Amino acid sequence: NLGYRHDSRYVGLEAFKKSGADFIIAVGGGSVMDTSKAIGIVNNNPSFADIKSLEGIANTVNRSVPIIALPTTCGTAAEVTINYVITVEEENRKIVCVDPKDIPVVAIVDAELMQSMPARTIASTGMDALTHVISDMFEVQAIELIAKHLRGAVKDKNIVDMEGMSIGQYVARMGFSNVGLGIVHSMAHPLGGVYDIAHGVANALLLPIVMEFNMPV
């Protein structure tokens, strides 16, 4: 989390400026990647110092600070997308920021970095990835990969299934950066913001209902 506070200052941004660093190495899950993107964008576009001004499609001028992303979860694939989600804690809501200038310059997707995930996190982030590809309606290959490898990854985190999930979630995100997402995600974000539900779990709860709603009559 960016550490949004009432005085509109950001702990992560302040730490980056104080460090004098030239780039950011983001190691972690979607929240870490998204926080890094927000820090990188605001640092190079100070007129957007209030993160809420970035909600939606932001008219930023400068590219983000260079980001090297190393994901440790197998679902969000934030290392390859044009958007990031930030929780505004004082308002109990999540905002989605869309900006092609925030994409990391390097993404290192290595299943061995994901071995420390608890099984429930694998399941949750895996369902997030599955929702991405079902929302897109185009990512057949990613659906096949996730369907084949998610159960094994949750069960014993064997390297074959973890690698299958890491590729599946990566392909999924490349697709939806081009075509967008559906109402599962738009409904899951408020659930997460108000009830602090893991994003993948919220997606999993909503996905069958939305699929039934979207089914041709």
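Residues numbered from 1 in each chain as written. Predicted model: local features only at pLDDT ≥ 70, side-chain atom pairs only at ≥ 80, totals over all residues. Heavy atoms only, no water.

**Comments concerning the overall build of the protein**
- Assigned secondary structure in the protein consists of seven helices and six strands.
- The N-to-C order of helical and strand elements in the protein reads α-β-α-β-β-β-β-β-α-α-α-α-α.
- Its C-alpha atoms give the protein principal-axis dimensions of about 45 × 40 × 30 Å.
- Long-range pairs, those at least 24 residues apart, make up 70% of the contacts in the protein between residues at least 6 apart in sequence.
- Element-wise, carbon and sulfur atoms account for 60% of the exposed surface of the protein, whose accessible area totals about 10800 Å².
- Averaged over its 16 positive side-chain charges, the protein has a centre that lies 4 Å from the centre of its 23 negative ones. (Helix = DSSP H or I, 4+ residues; strand = E, 2+ residues; numbered from the N terminus. Contact = heavy atoms within 4.5 Å. Areas by Shrake-Rupley, 256 points an atom, 1.4 Å probe, with all protein chains shown as cover. Lys, Arg positive; Asp, Glu negative; His and termini not counted. Charge placed at Lys NZ, Arg CZ, Asp CG, Glu CD.)

**Quick word on the sheet that holds strand β2 (residues 56–57)**
- Read across the open sheet, the three strands follow the order β2-β5-β4; overall the sheet is mixed. Of all strands in the sheet, those with a lone pairing partner are β2 and β4 (83–88), marking the two edges.
- Bridging between β4 and strand β5 (residues 93–98) involves six bridges; their strand directions are antiparallel. Residue pairing for β5: Ile-86 is matched across the bridge by Ile-95.
- Packing against the sheet, helix α6 (residues 183–195) makes contact with β4 and β5, and its axis sits at approximately 135 degrees to β5. (Pairing = 2+ DSSP bridges. Axes fitted to C-alpha atoms, helices over the stretch in contact; angles between N-to-C directions.)

**Overview of the packing of α6 against helix α7 (residues 199–214)**
- At a minimum axis separation of 8 Å, α6 and α7 run at an interaxial angle of 140 degrees. The orientation of α6 with respect to α7, classified from their angle, is oblique. Like other packed secondary-structure pairs, α6 and α7 cross with a definite hand, here right-handed. Where α6 abuts α7, its residues Ile-183, Val-184, His-185, Met-187, Ala-188, His-189 and Leu-191 lie against His-199, Ala-202, Asn-203, Leu-206, Leu-207, Val-210 and Phe-213. (Parallel < 35°, antiparallel > 145°, perpendicular 65-115°, else oblique. Left-handed = near helix turned anticlockwise from the far one by under 90°.)

**Focus on the sheet that holds strand β6 (residues 106–107)**
- The strand order across the open sheet built from three strands is β1-β3-β6, with neighbouring strands paired in parallel fashion. The sheet terminates laterally at β1 (24–28) and β6, the two strands that pair on one side only.
- Bridge count between β1 and strand β3 (residues 67–71): five bridges; the pairing is parallel. Across the sheet, residue Gly-28 finds its bridge partner in β3, namely Pro-71.
- The strands that helix α2 (residues 30–44) touches are β1 and β3; relative to β1, the one it contacts most, it runs at about 160 degrees.

**With respect to unusual backbone geometry**
- Phi is positive for Asn-92, which is not a glycine, with a value near 55 degrees.
- Of note, Asn-92 is situated in the loop between β4 and β5.
- The class of Asn-92 is partly exposed, set by a relative accessible area of 47%.
- The phi torsion at Asp-196 lies on the positive side, around 55 degrees, for a residue other than glycine.
- For Asp-196, the position within the fold is in the loop between α6 and α7.
- Overall, Asp-196 belongs to the exposed group, its relative accessible area being 72%. (Buried < 20%, exposed > 50% of the residue type's maximum accessible area, 1.4 Å probe, protein only.)

**Considerations on the environment of Met-165**
- Assignment of secondary structure puts Met-165 in helix α5 (residues 159–179).
- On the accessibility criterion, Met-165 (0% relative accessible area) is buried.
- When near neighbours in sequence (up to four residues on either side) are disregarded, Met-165 contacts Cys-74, Gly-126, Ile-146, His-149, Leu-150 and Ala-153.

**Some points on the pattern of salt bridges**
- Enumeration according to the criterion identifies three salt bridges in this entry.
- Note that Glu-55 and Arg-93 form a salt bridge whose closest N and O atoms lie 3.3 Å from each other. Of the two residues, Glu-55 is situated in the loop between α2 and β2 and Arg-93 in strand β5; the sequence distance between them amounts to 38 residues.
- Classification of Arg-93 by relative accessible area gives partly exposed; the value is 27%.
- One salt bridge connects Arg-93 with Glu-91, and the closest N-O pair in it is separated by 2.6 Å.
- Each of Lys-52, Glu-55, Glu-91 and Arg-93 takes part in one network of salt bridges that share partners. (Salt bridge = Lys/Arg side-chain N within 4 Å of Asp/Glu carboxyl O.)

Interpretation note: all reported values are geometric properties and have no functional meaning in isolation.
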